[in-house]
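Close look at the chain arrangement
Chain residues, written in single-letter form:
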Amino acid sequence: MATPIADLGADKGPVLAVELGLRPDEYEHITQILGRTPTICELYMYSLMWSEHCSYKHSKKYLRLFPTTGPHVLQGPGENAGVISVGDGWAVAFKMETHNHPSAIEPYEGAATGIGGIIRDIFTMGARPIACVDSLRFGTLDKPRQRYLFEGAVAGIGGYGNCIGVPTVAGEVYFEPAYEGNCIIGAMSIGLLREENLTRATASGVGNQLVLIGSTTGRDGIGGASVLASQEFDEGAEAKRPAVQVGDPFEEKLLIEACLELLESGLLVGLGDLGAAGLTSSASEMASRAGVGLDIDVAKVPRREPGMQPFEIMVSESQERMLACVEPEKLEAVLAVCDKWGLRATVIGQVTDTGDFVVRDGDALVGCMPALSLADDAPEYDVPFSKPAYIERLAAESIPDDALPQDPGELNEVMKRMLGSHNICSRAWIYEQYDHQVMDNTVVKPGGDAAVLRIGLTGRGARSGSGDSGGRTVTDRGIAVSSDCNGRYCYLNPYRGAQIALAEAARNVSCVGGEPAAITDCLSFGSPDKPEVYWTFVEAIKGLSDGCRSFGIPVISGNVSFYNESFGEPIYPTPKVGLVGLVERLDRVCTADFKDAGDTIILLGQTEHELGGSEYLRLEHDRVAGEIPALDLELERDVQDTVRELVRAGLLKSAHDCSDGGVAVALAESAIGGRVGFEVALDDDLPAAVSLFSETQSRVVVSCDSANVDAVLDAAAAHGIPFSVLGDVGGNRLVIQDKLDLDLDTAADIYHGALEQAVHG
Amino acid sequence: MKLGTIVFPGSNCEQDVAYACEYLGIEHRYLWHNDRDLGGVDAVVLPGGFSYGDYLRCGAVARFSPIMDAVSAFAADGGRVLGICNGFQVLTEAHLLPGALIRNTGLKFICRELPLRVQASCAWLNEPAGRVLRMPVAHNEGNFVCDDETLAALQATDRIILRYCADDGGDLACAPNGARDCIAGICNEGRNVFGLMPHPERVIDPVCGGIDGQTIFRAVAGLTGTDAAAAAAAA
């Protein structure tokens, strides 16, 4: 380089490095790579790219355990989102990410920009976003701050998703004290594409232009990845508010339309979104994938405020921006499409053959780094771990049977409290704030086990401006979606808890008739610097990985979020699973609601004495303890195969997974949803409270026309799974012989009203 | 018969209208907000969505789109214009329909299927008064307001087309979004311009949960037969 570079020097460099969260040995490594001390701009860029959030330096070793290939997989981890084939040339891209730390400070914008970020990951792949799923964790709602976070996050998800016209179709939420100082805001998005339109984020072709599309660049979100996402919370959290980004869903909607039009017109070489670490990460990752160099002039970046330093421009996390790689002869056409959608588009640099990531500010050279070193040379740590002492202690705890309620009158009261538990009650207060039908493909709406979406794309007319709509391809096939994770289980037994998260997601998808195809994992944990926290991380990954191999379900994308702690206390280990399954025929799907009086109710699977970690223990005995339910992977798969086969054969009227709250809650939910009662007997020798509320896995409550009972039982027998005929649908009471007798309307009022009452009083 | 749907920046239900037309066999095209003519269509739909982000009052910016002059002229000539959700908001901002749509009383977005009672007919709906249709709503600003004179005029001239009601068609004490007189949809004096907050285009194909929206598209396209028969034929 002819121009001298203003590096920091041996005095200032190490000081700034520490401020930016780099370890001394990491700083040393940077100086070796550069052969000199770094400039301010370079140091900022390395600090972000080598942060835990961007580099996965604490988790990479174990993430390699996941199976990532399979017959459906078109793109595994490593891109903006994973992609699976769903048949007939259609493919689905999906991924889940969290936006925990921003949301704990500013819930509306934190959650909204979480949606915005994950949506960009999807359309970057050339897929039209067709659905969102939200996976939320808060402290208990008796605390005003928690109500504020909950209301704000839900409003933010709705505010953003509704505006861009992508339905939010499924989700889950738990309220536990462990999340009080650090809520979890997981957002999953799913996109649909034709296989031939699959696009990757790459910047190949020397001489090609780098075009920045979308919003202006400001100081919002400076250092979000390192300041917020890679450190734990304390009293100073409020002061970090400037590091939270602000979303503009209208700009995002225009970006979706413009980028899909650019990709489908074949005008782009590659496309990347500006997420964590902003321009630095999207540009360096695009260069790294293509093995090229880049030359960027920050003076050309449109800014929303004066006086920004080059490093600020390079690391700003201003939302709704995309970086496109364009061949010079197609530049004019690209700019025209962006102009049509009213979007800014600016050439800010070129692809070079030097292998260096060069940053200029007009004539001044402010950075020159080997491009690969930013994305690929981050350190990888083998972190020490040790089993926490609480695991054995809590596993040994249990409530003696004679301390459990037996009187039916008392059990009725317990049941009412269970139905009103914020971890169990209706989620309608949440999903009615989300447009879950826009795009007109939602076949099974939120509120059941899994959502079902029709595979069908809109015509191209809207994108090319006025003109014939050109029809729209609608198929009679679909996908089923569910997300799950019980944090209490993972706290008590992270290996099996993570496996149960997978099993439950797959069971939910099977209940609607879907065949589990692939998952995205979204791993939220405390600080990896604590060996006892890291042990839970390693165990959860092993559990999930072994479960995936057993079920033959690959992991195609995901996200790790560490440092979810406040005042030294970690959250529950929370390895959320977002699962997508394939639905062969949309006229053969099933929902959880009972349908007609006279139908027969059957339990697939068998209840065991398993109250450990249950909602019942937490709610009624204020205990999070005990041995969590066992999981027999083979039995689980057989139960899922049975229910899926029955749904696909059209033999079931309803199918509902037994999970939190046990078979009593599952029966009640099917009755409340179907507005019809039931009368059953539970044929087991367990204490009444165990029989009702035990959370034994691998169980599904189904109902069928009485003429089909034999066929259903034959199928269960053929798969070798336990089953029992429980009773009938009908009447207006929830009756479990000798154990429970509740009026349907009373139960429904409690179930439907609990969440709204908690928020609004 | 050709239906045209306007695409504003931020519209997001235009594909749903196109699909409704495809399903029912009605010819359809999109109309771009920056164009100045309606391309020879026989009826115009302003779709749902968040035109220009709706950061100002909903529809307040979209009404100034170049194509809105053509829509106003078309409506004045008796041309049939339908505003769904955000489209209804744009029509009130453009003064093609009276009143205004403000935030729901609960200050929350509401996405829910609701029963609607037919009050009267217009160019877009020809059903007996009292029939209950079920359609989803999905809006944050669906709370219809107007002054006393306007309400009296709407009532006196049978221009209230749809009201939110109970499952059995009975009156509600208050609409879920707080709308005055439980108004879900109204038409203009010529009965050719119709605006409603619910989404008929989302209840066309039974696979997505309902067919009660078909009647609106059938009425304007002059289709014969019944909704159920069309659904059966399509299946």
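Cut-offs applied
- Residues numbered from 1 in each chain as written.
- Chains lettered and ligands numbered in written order.
- Predicted model: local features only at pLDDT ≥ 70, side-chain atom pairs only at ≥ 80, totals over all residues.
- Heavy atoms only, no water.
- Helix = DSSP H or I, 4+ residues; strand = E, 2+ residues; numbered from the N terminus.
- Rg over C-alpha atoms; globule rule 2.2 N^0.38 Å.
- Buried < 20%, exposed > 50% of the residue type's maximum accessible area, 1.4 Å probe, protein only.
- Contact = heavy atoms within 4.5 Å.
- Areas by Shrake-Rupley, 256 points an atom, 1.4 Å probe, with all protein chains shown as cover.
- Core = buried A, V, L, I, M, F, W, Y, C linked by side-chain atoms within 4.5 Å.
- Pairing = 2+ DSSP bridges.
- Axes fitted to C-alpha atoms, helices over the stretch in contact; angles between N-to-C directions.
- Domains from an automatic or database assignment.
- Buried area = accessible area lost by both parts, 1.4 Å probe.
- Salt bridge = Lys/Arg side-chain N within 4 Å of Asp/Glu carboxyl O.
- Polar contact = N/O pair within 3.5 Å; in protein donor to acceptor, adjacent residues only side chain to side chain.
- Parallel < 35°, antiparallel > 145°, perpendicular 65-115°, else oblique.
- Left-handed = near helix turned anticlockwise from the far one by under 90°.
- Nonpolar A, V, L, I, M, F, W, Y, C, P; charged D, E, K, R; others polar.
- Right-handed = clockwise from strand over helix to strand, strands pointing away.
- Phe/Tyr/Trp six-rings, centres within 6.5 Å; stacked < 30°, edge-to-face > 60°.
- Lys NZ or Arg CZ within 6 Å of the ring centre and 35° of its normal.
- Arc of directions from axis to C-beta.

**Some words on the overall build of chain A**
The secondary structure content of chain A amounts to 26 helices and 29 strands. Here the C-alpha atoms of chain A give a radius of gyration of 26 Å, agreeing with the 27 Å that 2.2 N^0.38 yields for 761 residues. The dimensions of chain A, computed from C-alpha atoms along their principal axes, are 90 × 65 × 45 Å. The 761 residues of chain A split such that 66% are buried. For chain A, long-range pairs separated by at least 24 residues make up 86% of all intrachain contacts whose partners lie at least 6 apart in sequence. Split by element, the accessible area of chain A, about 23,800 Å² in all, is 48% carbon and sulfur.

**Some thoughts on the nonpolar core**
In terms of nonpolar packing, the biggest core is built from 71 residues, with B:L3, B:L46, B:W124, B:L162 and B:Y164 touching the most fellow members. Listed in part, the 61 residues of the second largest apolar core include A:I118, A:F175, A:I213 and A:A758.

**Observations regarding the sheet that holds strand β13 (residues 364-370) of chain A**
Residue and element names in this part refer to chain A. Spatially, β8-β10-β7-β11-β9-β12-β13 is the arrangement adopted by the seven strands of the open sheet, whose pairing is mixed. Strands with a single pairing partner mark the edges of an open sheet, and in this sheet they are β8 (270-273) and β13. Averaged over all neighbouring strand pairs, the angle between strand axes comes to 20°, with direction disregarded. Bridge count between strand β12 (residues 356-361) and β13: six bridges; the pairing is antiparallel. Note that in β13 the partner of D361 across the bridge is A364. Running at roughly 170° to β8, helix α7 (residues 107-123) makes contact with β8 and β10 (321-326) of the sheet. Packed onto the sheet, helix α13 (residues 331-340) meets β7 (209-214), β10 and β11 (345-352) and runs at close to 5° relative to β7.

**Focus: the domain arrangement of chain A**
Looking at chain A, the domain boundaries give domain 1 (9-26 + 33-50 + 199-375) and domain 2 (399-457 + 471-760). Placing the centre of domain 1 of chain A and that of domain 2 of chain A at their C-alpha centroids yields a distance of 42 Å.

**Examining the sheet that holds strand β22 (residues 574-583) of chain A**
All names here are of chain A. Spatially, the six strands line up as an open sheet ordered β14-β15-β17-β22-β18-β19, and their pairing is mixed. The open sheet has two free edges, formed respectively by β14 (442-444) and β19 (555-561), since each of these has just one partner strand. Adjacent strand axes in the sheet meet at a mean angle of 25° when their direction is disregarded. In this sheet, β22 lies alongside strand β18 (residues 515-524) in antiparallel orientation, the contact comprising nine bridges.

**Quick word on the interface of chain B and chain A**
Often the size quoted for an interface is simply the accessible area lost on bringing the parts together. Facing 37 residues of chain B, the contacting portion of chain A comprises 42 residues. Where chain B abuts chain A, roughly 3,200 Å² becomes buried across the two surfaces, and 54% of that area is made up of carbon and sulfur atoms. Considering only the side of chain B, the residues that lose the most area to chain A are B:Y30, B:W32 and B:C208, jointly responsible for 19% of the buried surface there. Here A:R675 and B:D167 are joined by a salt bridge, their closest N and O atoms 3.9 Å apart. For the pair chain B and chain A, the number of links is 11 residue pairs in polar contact (both at pLDDT 80 or more). Those elements that provide at least two residues to the side of chain B that touches chain A are β1 (2-7), α1 (14-24), β2 (27-32), β6 (110-118) and β7 (132-139) of chain B. The element best represented in the side of chain B that touches chain A is α1(B), accounting for six residues.

**With respect to the packing of helix α16 (residues 408-420) of chain A against helix α23 (residues 662-674) of chain A**
Residues and elements named next belong to chain A. Taken N-terminus to C-terminus, the directions of α16 and α23 make an angle of 65°; their axes are 11 Å apart at the nearest point. Judged by the inter-axis angle, α16 sits roughly perpendicular to α23. The handedness of the crossing between α16 and α23 comes out as right-handed. Contacts from M415, M418 and L419 of α16 reach α23 at A664, V665 and A668. Of the residues assigned to the contact of α16 with α23, the class counts are six nonpolar, no polar and no charged.

**Quick look at the environment of A:F567**
Inspection of the secondary structure puts A:F567 in the loop between β20 (565-566) and β21 (569-570). A:F567 sits in the exposed class, given a relative accessible area of 58%.

**Thoughts on the pairing of strand β4 (residues 80-84) of chain B**
Residue and element names in this part refer to chain B. β4 sits mainly inside the fold: four of its five residues count as buried. Where strand β3 (residues 43-46) meets β4, four bridges bridge the pair, whose relative direction is parallel. Within β4, the residue paired with V45 across the bridge is L82. Since β3 and β4 lie parallel, the crossover through helix α2 (residues 67-76) that links them has a hand, and here it is right-handed. Pairing between β4 and strand β11 (residues 193-196): four bridges, direction parallel.

**Observations regarding the packing of aromatic side chains**
In this structure the tally under the stated criterion is 22 aromatic pairs over all chains. Taking 6.3 Å as the distance between ring centres and 75° as the angle between the ring planes, the aromatic pair formed by A:Y62 and A:F385 counts as edge-to-face. On the criterion of sequence distance, the pair formed by A:Y62 in helix α5 (residues 60-63) and A:F385 in the loop between α14 (371-376) and α15 (390-395) is long-range, its members being 323 residues apart. A:Y62 gets classed as buried once you look at its relative accessible area, which sits at 10%. Relative to A:Y534, the ring of A:Y62 lies with its centre 6.1 Å away and its plane at 65°, an arrangement referred to as edge-to-face. Taken together, the positions of A:Y62 in helix α5 and A:Y534 in helix α20 (residues 531-551) put the pair 472 residues apart, joining distant regions of the chain. Each member of the pair A:Y62 and A:Y534 is classed as buried. Connected via pairs of aromatic rings, a cluster forms that spans A:Y62, A:F385, A:F525, A:Y534, A:F537 and A:F562. Positioned over the ring face of A:W90 is A:R194, at 4.6 Å from the centre of the ring. Across the ring face of B:W32, the terminal group of A:K340 is positioned such that the distance to the ring centre comes to 5.3 Å.

**Let's talk about helix α4 (residues 148-156) of chain B**
Residues and elements named next belong to chain B. Restricting attention to buried positions, one finds in α4 the residues T150, L151 and L154. Taken around the axis of α4, the buried residues stretch over an arc of 100°, which confines them to a single face. Those residues of α4 that are exposed and aimed more than 90 degrees away from the buried face are D148, E149 and A156. Each element contacted by the buried residues of α4 is listed here: β8 (143-145), β9 (160-164) and β10 (183-187). Among the residues trailing α4, D158 stands out with phi positive, at a value near 55°.

**Notes on the pairing of strand β28 (residues 733-736) of chain A**
Residues and elements named next belong to chain A. Two strands pair when backbone bridges link them, and strand β25 (residues 678-680) and β28 are joined in this way by three bridges, in the parallel orientation. Paired with V680 across the two strands is I736, which belongs to β28. As paired strands, β28 and strand β29 (residues 740-743) are joined by four bridges and run antiparallel to one another. Bridged to R733 within β29 is D743. If you look at the hairpin formed by β28 and β29, you'll find three residues sitting between the two strands, and D738 has a positive phi there, around 65°.

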